[in-house]
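# Chain and residue survey
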Amino acid sequence: MRASDKVQRQLEAATATRPRRRVNAWSVLAYVLLTVGAAAMVFPFVWMLLSSFKDAREVLSPGFWPREFTLANYVEVLTRTSFPRWFFNSMIVAVLNTLSVLFFCALVGYVLARMRFPGKQVVFLAILATLMVPTEMLVIPWFVMSADFGWVDTYWGLLFPGLIPGFGVFLMRQFFQTLPRDLFDAGRIDGVSEFGLFLRIGLPLVGPGLAALGIFAFIGNWNAFLWPLIVAQSPQMRTVPVGIALFSGEAGAAWHLIMATSAMAILPVLVVFVIFQRQIIEGVVLTGVKG
Amino acid sequence: MSSPTPSTPVRRTRARLSLARREAIWAYVFLAVPLLFFAVVRFYPAIQSFRLSLFTWHVDPARRDFIGADYYLELLGNPVFHQALKNTLLYSIITVPTSILLGLGIAILLQAIAHARGWFRAIYFAPYITPAVAVAWVWGWMYNANFGIFNTLIVDWWEFTERIGMPWLQIQPQAFLRDPDLALYAVAAVIVWQQLGFQVVIFLAGLQGIPRVYYEAARIDGANPWQLFRHVTLPLLNPVMVFAIVITTIYSLQLFDQIVNINFTDQGGPLNRTLSIALYMFEEAFGRARLGYAAAVTVVLFAIIMIVTLIQLRLTQRRLDY
C-alpha cells in the first residue's frame with residue numbers, strides 16, 4: 001500500500017503541470033460517445049415498439065410518436081395467427097432441451113474432469129472435434145434421418161439435435177476441474193456411490209456454471225431458426241422464429257403487425273436478460289476469456 | 001503391475017485395482033447415452049454429408065447413383081455459388097474487423113468511466129441475445145425504401161438543408177436492400193450491430209484482467225497513452241483478440257437467419273448480392289430438393305471454415321511481441 005501510494009504521489013507530481021480539467025474533459029467525451037452509441041443500439045427496439053403501437057395507415061406515415069397508442073395489432077396477431085401455439089412450441093423445445101443440456105453436459109463434464117478411466121483422451125478429443133463441424137453440414141443428414149424415422153413435424157424432431165451441445169460439456173468440465181480432488185476422495189471413503197459423488201458433491205458446487213449454461217441453452221433454443229425451419233412442416237409445429245418468418249412473409253406490407261410479432265418474440269428474451277443480466281454476461285466472459 | 005513390496009499386503013493392491021476398474025466401468029455407464037448421442041447426431045451426419053455429396057439424391061437409398069466429384073465440379077463452375085462465396089467472404093471481411101475495432105473502442109471507453117458502466121454494458125450487449133429473425137424484420141422495416149425511418153430522416157434532412165440554404169449537405173434517399181450496390185453493406189451493418197455487444201463484453205473483461213501495476217510501471221518509464229495501449233494493452237489482450245477473431249469469423253461464414261429474413265420476399269437480395277453460402281445450401285436442398293448437391297456445398301463450407309480458422313490461429317499466435 002505504502003509503496004504504491006508513493007508511486008501515486010510521484011506520478012501526480014510528475015503530471016502536476018497538466019491541468020486537472022483535461023481528465024474530466026476526456027471522461028465527458030467518453031460519456032458522450034457511449035451515450036450516442038447506446039442510442040444507436042437501442043433505437044431499433046424503440047422503433048419496433050413505436051411502430052407496433054400504430055395502426056395500418058399511421059405506420060406508413062412519417063410521424064415519430066403514435067398519435068394514439070393501440071394494442072390492436074397485438075390482439076390481431078394473437079387471434080389471427082397461431083402465435084400462442086408457436087410460443088408454446090418454443091417453450092417446450094427450449095425448456096426440455098435446457099433440462100437435457102444441464103443434466104448431460106454436467107454429467108459428461110464431471111466424468112471428463114473428475115473420473116479416471118482408459119480412453120479418456122479419445123473421448124475428450126472426439127467431443128472437441130464435434131465443435132468444428134458447422135450446423136449447416138449436419139442439417140441435411142438430420143433431415144434424411146428424421147424422414148426415415150418419422151421425426152419430421154414432431155417435438156422430438158425439433159429437439160434432438162440440441163440435446164447435448166459439445167460446448168456445454170467443455171464449460172462444465174472447466175467448472176468441475178476447479179473443485180479439489182480431496183472432496184471426492186473423502187466421499188468415496190465414506191462410501192458415496194459414483195453417481196452420488198456427481199449429484200450430491202459435485203453438482204451443488206458448480207451452480208454458477210449451471211446457471212450460465214442453462215440460460216445460454218434456453219436463449220439459443222429460443223432463437224434457433226435453421227433446423228426448426230426445416231423440420232417443422234405444418235403450421236402447428238412452428239416455433240416462434242419460424243412462425244414470425246413465415247407469417248411476416250405472407251403479411252406483405254402489414255408492417256404494424258410484423259412489428260407487433262417481432263416485439264412479442266424479442267420481449268421474452270429481453271425480460272430473461274434483464275433478470276439474469278449478471279449471470280449471462282459472466283457466462284460469456286467465462287466461456288470467452290478463460291475458455 | 002510391479003510385484004508388491006513386502007510391506008504392502010497383497011489384498012490392498014487387489015482392492016485398489018478393482019476400485020480403479022469400478023470407477024472406469026461407472027465412467028462408461030455415465031458416458032453411454034452421451035456417446036451414443038455424439039455418434040448418431042454429430043459424427044454419423046458429418047460423414048453422411050460427405051457421402052451424400054458423392055451421390056445423386058433419391059429418397060430410396062438404393063436409387064442414389066454414384067457420381068464422384070461431379071457436384072464439386074458443378075460448384076466450381078456455378079456463378080450463383082461464386083456469388084454466394086464472394087458475399088460470404090465479404091461479410092467476414094467487413095463485419096469481423098468492424099465489430100472488433102468498435103467493440104474494443106467501446107470497451108476502452110467503458111474502462112475509462114466511473115459511473116453507469118454496467119448499464120452501458122447491458123445496453124450494448126442486449127442485441128446479441130435477441131432472436132436474429134425478429135431483429136432482421138425490424139431492420140428490414142427501417143431500411144424500407146418507401147416508408148422506412150432511414151429514408152424519412154434523409155428526406156427531413158433534405159428539407160432542413162433546403163431551409164437553412166446549405167443544399168450541398170443533402171443526401172439522396174437510398175433503396176438500401178433493393179440496391180445491388182448497397183444491399184450487402186446494409187445487411188453487414190445489422191450483423192455488426194448484433195455482434196458488437198459480444199466483443200464489448202469479452203474485451204472489457206480482458207481489459208479488467210490486466211494488472212494495474214503494468215500501466216504504472218510503464219508510466220514511470222515515461223510511456224505516453226499510445227505507447228501504453230500499443231505495448232501494454234494490446235499484447236496482454238492477445239488471447240482475447242484471437243478468441244474474438246476466430247469466433248466472429250466462424251459466425252460470419254455461417255450467416256443465415258438475418259439474410260433470409262431481412263429481405264424475405266427477395267431472399268438473397270437483388271442480383272443475389274446478399275446471398276450467403278448457408279442460404280444457398282438451404283435453397284438447393286429444401287427449395288430444389290437437390291440434397292446431394294447441397295451436401296457438397298456444406299462440405300466446401302466446412303473446408304473453408306477449417307482453412308480460415310487454421311490460418312487465423314497461425315497468424316495471430318505468431319504476433320506475440322511484447
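Rules used throughout
- Residues numbered from 1 in each chain as written.
- Chains lettered and ligands numbered in written order.
- Predicted model: local features only at pLDDT ≥ 70, side-chain atom pairs only at ≥ 80, totals over all residues.
- Heavy atoms only, no water.
- Helix = DSSP H or I, 4+ residues; strand = E, 2+ residues; numbered from the N terminus.
- Buried < 20%, exposed > 50% of the residue type's maximum accessible area, 1.4 Å probe, protein only.
- Contact = heavy atoms within 4.5 Å.
- Areas by Shrake-Rupley, 256 points an atom, 1.4 Å probe, with all protein chains shown as cover.
- Lys, Arg positive; Asp, Glu negative; His and termini not counted.
- Charge placed at Lys NZ, Arg CZ, Asp CG, Glu CD.
- pLDDT = per-residue confidence, 0-100.
- Polar contact = N/O pair within 3.5 Å; in protein donor to acceptor, adjacent residues only side chain to side chain.
- Salt bridge = Lys/Arg side-chain N within 4 Å of Asp/Glu carboxyl O.
- Arc of directions from axis to C-beta.
- Core = buried A, V, L, I, M, F, W, Y, C linked by side-chain atoms within 4.5 Å.
- Expected span 1.5 Å × (residues − 1).
- Bend = angle between axes of the 7 residues up to and from the residue.
- Phe/Tyr/Trp six-rings, centres within 6.5 Å; stacked < 30°, edge-to-face > 60°.
- Lys NZ or Arg CZ within 6 Å of the ring centre and 35° of its normal.

### So, the overall build of chain A
Tallying secondary structure elements over chain A gives 15 helices and zero strands in all. With respect to the principal axes defined by its C-alpha atoms, chain A has extents near 75 × 70 × 35 Å. Across the 291 residues in chain A, those meeting the buried criterion constitute 49%. In chain A, the share of contacts with a sequence separation of at least 24, taken over all contacts with a separation of at least 6, comes to 71%. Summed over its atoms, the accessible surface of chain A is roughly 13800 Å², and 67% of this surface lies on carbon and sulfur atoms. In chain A, which carries 22 positive and 15 negative side-chain charges, the distance between the mean positions of the two groups comes to 13 Å.

### A short note on the side chain of Ser51(A)
Looking at the secondary structure, you find Ser51(A) in helix H2 (residues 21-52). Ser51(A) sits in the buried class, given a relative accessible area of 0%.

### Details of the confidence of the model for chain B
Confidence in the prediction for chain B averages 90 pLDDT; 93% of positions are at 70 or higher. pLDDT under 50 marks residues 1-10 of chain B. Its contacts with residues more than four places away, or in other chains, come to three contacts.

### Here we look at the side chain of Gln199(B)
All names here are of chain B. Following the sequence through the fold, Gln199 ends up in helix H7 (residues 183-208). A polar side-chain atom of Gln199 sits 3.0 Å from a polar atom in the side chain of Ser99. Within polar-contact distance, the side chain of Gln199 engages the side chain of Thr248 at 3.1 Å.

### Section: the pattern of salt bridges
Summed over the entire model, instances satisfying the criterion amount to 10 salt bridges over all chains. The residue Arg188(A) makes a salt bridge to Asp185(A) at a minimum N-O spacing of 3.6 Å. Pair noted here: Arg188(A) and Asp185(A) are both in helix H9 (residues 181-189), with a separation of three residues, about one helical turn. Owing to a relative accessible area of 27%, Asp185(A) belongs among the partly exposed residues under this scheme. One salt bridge connects Glu284(B) with Arg290(B), and the closest N-O pair in it is separated by 3.4 Å. Given the relative accessible area of 6%, Glu284(B) is considered buried. Accessibility expressed as a relative area gives 26% for Arg290(B), which makes it partly exposed. Via salt bridges that share partners, Arg116(A), Asp185(A), Arg188(A), Glu194(A) and Glu23(B) belong to a single interconnected network.

### Details of helix H2 (residues 70-77) of chain B
Residue and element names in this part refer to chain B. Within the span of H2, buried status applies to Tyr71, Tyr72 and Leu75. One side of H2 carries all its buried residues, which in axial view fall inside an arc of 100°. Every exposed residue of H2 that faces more than 90 degrees away from the buried side is listed here: Leu73, Leu76 and Gly77.

### Quick notes on the nonpolar core
Phe117(A), Ile140(A), Phe176(A), Phe203(B) and Phe256(B) are the most contacted members of the largest nonpolar core, which has 188 residues in total. In terms of residue count, the dominant contributor to this core is H7(B) (15 residues).

### Quick look at helix H14 (residues 255-275) of chain A
For an α-helix, 3.6 residues make a turn, and residues three or four places apart therefore share a direction. Residues and elements named next belong to chain A. Taking 1.5 Å per residue, 21 residues should reach 30 Å; H14 reaches 30 Å between its end C-alpha atoms and fits that length. Along its length, H14 reaches its greatest deviation from straightness, about 25°, at Ile266, and the proline Pro268 lies no more than four positions downstream. For H14, the buried fraction is high: 15 of the 21 residues fall into the buried class.

### Some points on the packing of aromatic side chains
Residues and elements named next belong to chain B. Under the defined criterion, the tally for this structure stands at 53 aromatic pairs over all chains. Here Tyr143 and Phe150 contribute two aromatic rings whose centre-to-centre distance is 5.4 Å and whose plane-to-plane angle is 50°, an arrangement assigned as tilted. Residue Tyr143 is classed as buried on the basis of its relative accessible area of 5%. The exposure class assigned to Phe150 is partly exposed, which follows from its relative accessible area of 24%. Geometry around Tyr293 places Arg290 over its ring, the cationic atom sitting 4.3 Å from the centre.

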